[in-house]
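# Examination of the molecular architecture
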Amino acid sequence: MTRFLLAKAVDVVNLQHFVGAQQLLQLRSFTTSLAAAQDALVLKARQQLEEIRSAGTFKVERQITTPQEASVGVLDVAQPVLNFCANNYLGLSNHPVVVAAARKALDTHGYGLSSVRFICGTQDLHKQLEARISAFHGTEDTILYPSCFDANAGLFEALLGPEDAVISDELNHASIIDGIRLCKAKRYRYKHMDLIDLEHKIMEAEDAGAKVKLIATDGVFSMDGDIAPIGDIVALAHHHDAQVFSDECHATGFVGATGRGTDEACNVPGQVDIINSTLGKALGGGTGGYTTGKADVVALLRQRARPYLFSNSLAPSAVAASIAVFDLLSSSSALRDKLQENADYFRRQMAAAGFSIRPGRHPIVPIMLGDAALANKMASAMLQRGVYVVGFSYPVVPKGTARIRVQLSAAHEREHLDKAIAAFKDVGKQLGVIE
Ligand SMILES: *Cc1c(COP(=O)(O)O)cnc(C)c1O
């Protein structure tokens, strides 16, 4: 293809100065090639969409027409349905105290900040929330991010260089994987929750002369409800002079006796070096994420973490609502206790009915089906019976392990659980999943 822009014309802003007959021709071909480029992009997108559809993994988004609660309205579904697929573990997504705090902050602190933190985007509220989170986890300092995805994306690159190593569980969340991809440290991947393989990889990193050896794990794995053996991981780290990072998105607020998270559940409170978590799940479900840990580490993140430096500050209403959430959690463990009761009850009843459930006590309860089509069929049948659950299959979970992932909430009452269990039994029998 011939060159369009003549060297002399490149810096000419006003086309009139250089559009002669020849250039006009070229301009036309430029416009056509632009259109062609767009077509190539659209074509490529279309091809990929087709692949996703034919693999049967195309995700359709249902529209919720009400706040996120135990029972929600769904567009094109006649009756409200019981919601068993939200991360609304503590039932705080539409809690009156939380909503009131957000509303009040709109009046006192406005809607948005139109700035990043280090220019003019830090309000008193941000510092209050950061202090509140540090107090909750018993850590020295906390840095807020627009999301936990950002907290994970910013962490590794800011802290680790080529002389360091990061040793990561193979089933870690996508955002941890992406964050590690962005950093220059040597990467090691250990088998899911396999301590022997983990130690093996730590020693490989040692042999390679790694300065910092950072072990990275989800505290709770979202597809299985597996709780990482953080106590053993911390012990291994101590022995090998390594550090531990845990992503507590499916733990903060409700895992452990007082909801402090995986470290509390595994009897090593305060011994995880770096914790990332989200404000977008159990803690009101609005938006925001954070890193909490040692003061110097957090201070360095404020200087270096790119999603912190180059993305807008959290909205004041979300920050104020989150402060209200931590106040609620610190004053009582009632919600956390109710959630645990709900999880235990549901797990017991479903196991007794003959369903294959991954054992444990987490409010993520995967009902194992194996077959992807069966999982989708079961989810649809459940929705028709007024229970909203979602089937997960490859590539979100390994092949042959398709499942329905049920998530319990403190917002569920016993009658909600009984209705869901009854529906599961009916549908399960109908589809030959149980006898
Ligand atoms: C949801 C989730 C995230 C992302 O959190 P956001 O605040 O929604 O960006 C990160 N890690 C894990 C393990 C999660 O489950």
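Residues numbered from 1 in each chain as written. Predicted model: local features only at pLDDT ≥ 70, side-chain atom pairs only at ≥ 80, totals over all residues. Heavy atoms only, no water.

By the naming in an unreviewed UniProt entry, the protein goes by Aminotransferase class I/classII large domain-containing protein and is assigned to Tetradesmus obliquus. A UniProt comment under Sequence similarities (unreviewed entry) is attached to the protein, and it reads "Belongs to the class-II pyridoxal-phosphate-dependent aminotransferase family." In its Cofactor (unreviewed entry) section, the UniProt record describing the protein reads: "pyridoxal 5'-phosphate". (UniProt positions renumbered as here; feature names shortened; annotations may be inferred.)

For the rest of this paragraph, the subject is the overall build of the protein. Within the protein, the secondary structure is distributed over 14 helices and 15 strands. Viewed in the frame of its principal axes, the protein has a C-alpha envelope of about 80 × 55 × 55 Å. Considering the protein as a whole, with its 435 residues, one finds that 48% of them fall into the buried category. For the protein, restricting intrachain contacts to residue pairs at least 6 apart in sequence, the fraction spanning at least 24 positions comes to 69%. Accessible area for the protein stands at about 21,300 Å²; split by element, carbon and sulfur atoms hold 54% of it. The average position of the 43 basic charges and that of the 46 acidic charges among the side chains of the protein differ by 6 Å. (Helix = DSSP H or I, 4+ residues; strand = E, 2+ residues; numbered from the N terminus. Buried < 20%, exposed > 50% of the residue type's maximum accessible area, 1.4 Å probe, protein only. Contact = heavy atoms within 4.5 Å. Areas by Shrake-Rupley, 256 points an atom, 1.4 Å probe, with all protein chains shown as cover. Lys, Arg positive; Asp, Glu negative; His and termini not counted. Charge placed at Lys NZ, Arg CZ, Asp CG, Glu CD.)

As a general point, the strands of a sheet are linked pairwise by backbone hydrogen bonds and lie either parallel or antiparallel. The three strands are arranged E12-E15-E14 in an open sheet whose pairing can be described as antiparallel. Looking at strand neighbours, the two that pair on one side only are strand E12 (364-370) and strand E14 (390-392), the edges of this open sheet. Across this sheet, the average inter-strand angle for adjacent strands is 30 degrees, counted without regard to direction. Two elements, E12 and strand E15 (residues 402-407), share six bridges in a ladder whose sense is antiparallel. Residue pairing for E15: Gly-370 is matched across the bridge by Ala-402. Across the sheet, helix H13 (residues 372-384) lies against E12, E14 and E15, angled at about 35 degrees from E15, the strand it touches most. (Pairing = 2+ DSSP bridges. Axes fitted to C-alpha atoms, helices over the stretch in contact; angles between N-to-C directions.)

What follows covers the site of the ligand. In the vicinity of the ligand there are 13 residues, among which Cys-148, Asp-247, His-250, Thr-278 and Lys-281 approach most closely. Contact between the ligand and His-173: a nitrogen atom at 3.3 Å from a side-chain N or O atom of the residue. Between Asp-247 and the ligand, the recorded distance is 2.6 Å, taken from a side-chain N or O atom to a nitrogen atom. If the ligand stood free it would expose 390 Å²; the protein chains cover 83% of that surface. In terms of residues, the shell around the ligand owes the most to one element, helix H4 (residues 148-159), which gives three residues. Of the residues contributing to the shell around the ligand, the split by class is three nonpolar, seven polar and three charged. (Near = heavy atom within 4 Å. Polar contact = N/O pair within 3.5 Å; in protein donor to acceptor, adjacent residues only side chain to side chain. Nonpolar A, V, L, I, M, F, W, Y, C, P; charged D, E, K, R; others polar.)

Another aspect to go through is the packing of helix H2 (residues 96-109) against helix H11 (residues 316-331). Relative orientation of the contacting elements H2 and H11 amounts to 140 degrees, with a least axis distance of 7 Å. With respect to each other, H2 and H11 are oriented oblique. The handedness of the crossing between H2 and H11 is right-handed. Contact residues: H2 offers Val-97, Val-98, Ala-101, Ala-102, Ala-105, Leu-106 and His-109, while H11 offers Pro-316, Ser-317, Ala-320, Ala-321, Ala-324, Val-325 and Leu-328. Residue composition of the contact of H2 with H11, by class: twelve nonpolar, two polar and no charged. (Parallel < 35°, antiparallel > 145°, perpendicular 65-115°, else oblique. Left-handed = near helix turned anticlockwise from the far one by under 90°.)

The strand order across the open sheet built from seven strands is E3-E11-E10-E9-E6-E4-E5, with neighbouring strands paired in mixed fashion. Looking at which strands have only one partner, the edges of the open sheet turn out to be strand E3 (141-145) and strand E5 (186-190). In this sheet, neighbouring strand axes are inclined to one another by 20 degrees on average, regardless of whether the strands run parallel or antiparallel. Relative to strand E9 (residues 243-247), strand E6 (residues 213-218) is paired through five bridges, and the arrangement is parallel. Each residue of the ladder has a partner; that of Ile-215, found in E9, is Val-244. The sheet contacts of helix H3 (residues 124-137) involve E3, strand E10 (274-278) and strand E11 (289-293), and relative to E3 the element is tilted by about 125 degrees. In the packing of helix H9 (residues 295-304) onto the sheet, the strands contacted are E3, E10 and E11, and the crossing angle to E3 comes to about 30 degrees.

What follows deals with the UniProt feature "domain: Aminotransferase class I/classII large" (unreviewed entry) in the protein. Here the UniProt feature "domain: Aminotransferase class I/classII large" (unreviewed entry) sits at residues 80-423. From the first C-alpha to the last, residues 80-423 spans 15 Å; its make-up is 43% helix and 18% strand.

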